[in-house]
Amino acid sequence: MCRVTEMMHPAIVLLSGGLDSATCLAIARRDGFACHALSFDYGQRHGQELHYAALLARALGAASHRILPINLAAFGGSALTDSRLAVPEGGSSGIPITYVPARNTVFLSLALALADVLQARDLFIGVNSQDYSGYPDCRPEFIHAFSALAQVATRLGVGGGDLRIHAPLQFLNKAEIITLGAGLGVDYALTRSCYQLDAAGRACGVCDSCRLRRDGFEKAGMADPTPYQDGVLLDHAPPGPDN
């Protein structure tokens, strides 16, 4: 670690390989933190996202990047961890089958453990409550409750430290997130959002996550750099003055 990084306050940043977490990492870097990125190999069917997480960690100047294996697939209950369940293709109402039970609770708990070791008082997570697919652990209520837990569940917290759970995208929609990230230099070609990536890293174009991503780029007036399977979707050029 270089001398400049050693002088910066450390932060733990949850990094999935998607556009939200990439933007979150860029925000933490902008705010002067030495960012220790943490990704999880949790049995997700779209595990190839971890390749893009590693690319993003390097491109966005993370101080370190860890990929931690855990096995949420052992519990099932989600189309993202159980190949017997189909990933929905199109919008859905309520809490969708792509919700992974307690995923963000588990992720943040493990991030707290790393924070205790690295003496990091700041944790960043890229949840947002606008385009959040109905997941209960992306809501402000969850972040508020977990922040309170962090104060009483860690050595840093009980020692008088103030642990902060940052959710800087909480009230932004996808278009706003993309616009913000582009201004911070995020290369969204290095991100993937699809629940059904193929071996070449191409997105399916029809799952809920692909739909939200495509809509976000369209509304932001930017071309989506995502490669899609078999020409399912074409890159969208920025809208002209008459659009």
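Here we summarise the structure given alongside this text.

What counts, and at which threshold
- Residues numbered from 1 in each chain as written.
- Predicted model: local features only at pLDDT ≥ 70, side-chain atom pairs only at ≥ 80, totals over all residues.
- Heavy atoms only, no water.
- Helix = DSSP H or I, 4+ residues; strand = E, 2+ residues; numbered from the N terminus.
- Buried < 20%, exposed > 50% of the residue type's maximum accessible area, 1.4 Å probe, protein only.
- Contact = heavy atoms within 4.5 Å.
- Right-handed = clockwise from strand over helix to strand, strands pointing away.
- Expected span 1.5 Å × (residues − 1).
- Axes fitted to C-alpha atoms, helices over the stretch in contact; angles between N-to-C directions.
- Parallel < 35°, antiparallel > 145°, perpendicular 65-115°, else oblique.
- Left-handed = near helix turned anticlockwise from the far one by under 90°.
- Pairing = 2+ DSSP bridges.
- Core = buried A, V, L, I, M, F, W, Y, C linked by side-chain atoms within 4.5 Å.
- Phe/Tyr/Trp six-rings, centres within 6.5 Å; stacked < 30°, edge-to-face > 60°.
- Disulfide = S-S within 2.5 Å.

**What to know about the overall build of the chain**
- Helix and strand content of the chain: 8 helices and 5 strands.
- Shown N-terminal to C-terminal, the secondary structure of the chain runs as helices and strands in the order α-β-α-β-α-β-α-β-α-α-β-α-α.
- Counting the 243 residues in the chain, one finds 49% classified as buried.
- Here the analysis covers contacts within the chain between residues at least 6 apart in sequence; of these, 70% occur between residues at least 24 apart.

**Regarding the pairing of strand S2 (residues 34–41)**
- Most of S2 sits out of view: 7 of its 8 residues are buried.
- Chirality of the crossover, the property in question, places the unit of strand S1 (residues 10–14), helix H2 (residues 19–30) and S2 among those that are right-handed.

**Considerations on H2**
- With 12 residues, H2 ought to run about 16 Å at 1.5 Å a step, and its terminal C-alpha atoms sit 16 Å apart, in line with that.
- With 10 of 12 residues buried, H2 is to be regarded as a mostly interior element.
- Among all positions in H2, only Leu-19, Asp-20, Ser-21, Ala-22, Thr-23, Cys-24, Leu-25, Ala-26, Ile-27 and Ala-28 are buried.
- In this fold, the buried residues of H2 make contact with S1, S2, helix H3 (49–59), strand S4 (122–124), helix H7 (174–183) and helix H8 (208–220).

**Digging into the packing of helix H4 (residues 103–118) against helix H5 (residues 140–153)**
- The contact between H4 and H5 brings their axes to 11 Å, and the two run at 30°. As far as their axial angle goes, H5 and H4 are roughly parallel. As for the relative orientation of H4 and H5, their crossing is right-handed in sense. Counted together, Asn-104, Thr-105, Leu-108, Ser-109 and Leu-112 of H4 and Phe-142, Phe-146 and Ala-150 of H5 form the full contact between these two elements.

**Focus: the sheet that holds S2**
- In space, the 5 strands of this open sheet follow the order S3-S2-S1-S4-S5, with parallel pairing throughout. Edge strands, defined here as strands with exactly one partner in the open sheet, are strand S3 (64–69) and strand S5 (164–166). When the angles between neighbouring strand axes are averaged without regard to direction, this sheet yields 25°.
- As paired elements, S4 and S5 share 3 bridges and run parallel to each other. The residue of S5 that forms the bridge with Phe-124 is His-166.
- Lying on the sheet, H4 is in contact with S1, S2, S3, S4 and S5; it crosses S1 at an angle near 160°.

**Here we look at the nonpolar core**
- Counting residues in hydrophobic clusters, the biggest one holds 40 residues, and the most contacted among them are Ile-12, Leu-14, Leu-108, Leu-123 and Ile-125.
- Secondary-structure elements contributing two or more residues to this core are S1, S2, H4 and H5.
- Per-element tally for this core: the top contributor is H4, with 6 residues.
- When residues no more than four places from it in sequence are discounted, the contact partners of Ile-125 are Leu-14, Cys-24, Asn-104, Leu-108, Ile-143, Ile-165, His-166, Ala-167 and Pro-168.
- Of all hydrophobic cores here, the second largest spans 27 residues; its members include Cys-24, Ile-27, Ala-37 and Ala-57.

**Overview of the packing of aromatic side chains**
- One pass over the structure, following the stated rule, counts 6 aromatic pairs.
- When the ring of Phe-33 is compared with that of Phe-124, the centres are 5.4 Å apart and the planes differ by 70°; the resulting orientation is edge-to-face. Residue Phe-33 is located in the loop between H2 and S2, and its partner Phe-124 is located in strand S4; the two are separated by 91 residues in the primary sequence.
- Residue Phe-124 is classed as buried on the basis of its relative accessible area of 2%.
- For the pair Phe-40 and Phe-107, a centre-to-centre distance of 4.1 Å together with 10° between the ring planes defines the contact as stacked. Of this pair, Phe-40 sits in strand S2 while Phe-107 sits in helix H4, and the two are 67 residues apart along the sequence.
- An aromatic cluster is built from Phe-40, Tyr-42 and Phe-107, whose rings are joined through pairwise contacts.

**Details of the state of the cysteines**
- Scanning all chains against the criterion turns up 0 disulfides.
- Unpaired in terms of disulfides, Cys-210 finds its nearest cysteine sulfur in Cys-194, a separation of 3.7 Å.

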